[in-house]
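Commentary on secondary and tertiary structure
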Amino acid sequence: MIPYSKIDQSEVSALLFPSQSISPSPCPDNAEDVILEVGSGVVLNCRYYFVDQNGPVLFYYPATGGSTFSFDIVAENFLKKGINVFLASYRGCGKNSGSPSVGAMYEDSEKLFHLAMEWLSGRAWTGPLFVMGQSLGSICAIDTVLNNSDLVKGLIIESGVCGTTSYLEAMGVNQEQADIPEEDGFNTIEKIEEIKTPTLIFHGARDRLVTIAEAEKNQASSGARTKQFFIIPGAEHHTVCETGGDLYIQTIKQFTDTVCGVNTWRQKRRSHMTTQKG
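Everything in this summary refers to the structure shown in the same document. None of these values were measured; they are calculated from a predicted model.

Turning to the nonpolar core, a few remarks are in order. Judged by nonpolar contacts, the single largest core of 52 residues is most densely connected at Leu16, Phe59, Tyr61, Phe86, Val102, Leu136 and Phe186. In terms of residues, this core owes the most to one element, helix H3 (residues 102–122), which gives 9 residues. Filtering out sequence-adjacent residues up to four positions away, Phe186 remains in contact with Ile7, Val102, Tyr106, Leu136, Ile139, Val161, Thr164, Tyr167 and Lys191. Membership of the second largest hydrophobic core comes to 25 residues, among which are Leu58, Tyr60, Leu200 and Phe255.

What follows is the structure, encoded as structure tokens:
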């Protein structure tokens with residue numbers, strides 16, 4: 001059986017990969033468009049937002065219905081905190097070639113990740129690497145960290161998918177088509193159990209596509225010794241960042257600092273006071 005063939009039916013793909021009527025936005029001054037070929041004739045248009053050559057790099061798998069225009073605004077907030085962002089994309093989405101599918105997402109994400117790392121290395125970007133996934137992009141983020149834990153400092157999940165059947169039904173797939181065993185689906189729980197990389201999970205309190213109970217299941221199943229879980233009051237599935245505001249970005253900044261051993265101002269102040277007492 002072809003991997004994920006039970007999910008990749010035309011009616012299901014139409015719901016998981018909505019067509020984008022918004023044209024790609026012009027590249028901002030603090031960004032660069034990156035075109036990478038993941039297969040024969042399959043080209044993905046990505047975007048790299050940069051602020052600090054040695055700062056952390058957030059390799060970001062967005063939701064499938066997003067646009068570069070909306071993410072440009074989000075990226076600006078990351079840049080203010082000294083975090084560079086490499087925005088991934090998917091075949092058949094936006095101006096990318098090919099046809100979108102879950103199987104293609106998994107296959108392309110592994111190739112794209114390594115191509116992006118080569119691209120960054122070739123331009124002397126040396127900061128620590130974090131991987132983040134939003135909504136359906138979380139399945140790629142989890143897979144990437146599972147397969148490349150030696151390269152990744154931390155995993156961040158926003159509105160992460162848990163059960164295959166429950167997510168498909170919430171997206172509008174009929175019960176018969178959505179009834180897919182986890183081993184033939186996303187298999188999120190089994191994968192996240194194996195990940196020991198420090199993990200940060202955000203979820204909206206009003207998420208109607210993935211329940212808080214499922215988000216808590218992802219958190220409880222995580223194999224990471226260092227893990228944090230935040231429910232954002234009032235946030236829906238696609239509004240976690242918007243609703244969380246600066247506190248959301250600051251939490252990610254604190255997470256990257258902690259994982260990388262960067263002293264916070266409180267630690268510096270405590271250290272200074274201890275030195276004075278000595």
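Glancing now at the state of the cysteines. The final tally for this structure, using the stated rule, is 0 disulfides. Cysteine Cys27 is unpaired, with the sulfur of Cys46 as its nearest cysteine sulfur at 12 Å.

Let us now look at the pairing of strand S4 (residues 84–87). By the alternation rule, side chains of S4 split into Asn84 and Phe86 and Val85 and Leu87, which are all buried. Bridging between strand S2 (residues 42–49) and S4 involves 3 bridges; their strand directions are antiparallel. Bridging across to S4, Tyr48 finds its partner in Phe86. Both strand S3 (residues 57–61) and S4 contribute to a ladder of 4 bridges, which runs parallel. Bridge assignment links Tyr60 to a residue of S4, and that residue is Leu87.

Rules behind the numbers
- Residues numbered from 1 in each chain as written.
- Predicted model: local features only at pLDDT ≥ 70, side-chain atom pairs only at ≥ 80, totals over all residues.
- Heavy atoms only, no water.
- Core = buried A, V, L, I, M, F, W, Y, C linked by side-chain atoms within 4.5 Å.
- Buried < 20%, exposed > 50% of the residue type's maximum accessible area, 1.4 Å probe, protein only.
- Helix = DSSP H or I, 4+ residues; strand = E, 2+ residues; numbered from the N terminus.
- Contact = heavy atoms within 4.5 Å.
- Disulfide = S-S within 2.5 Å.
- Pairing = 2+ DSSP bridges.

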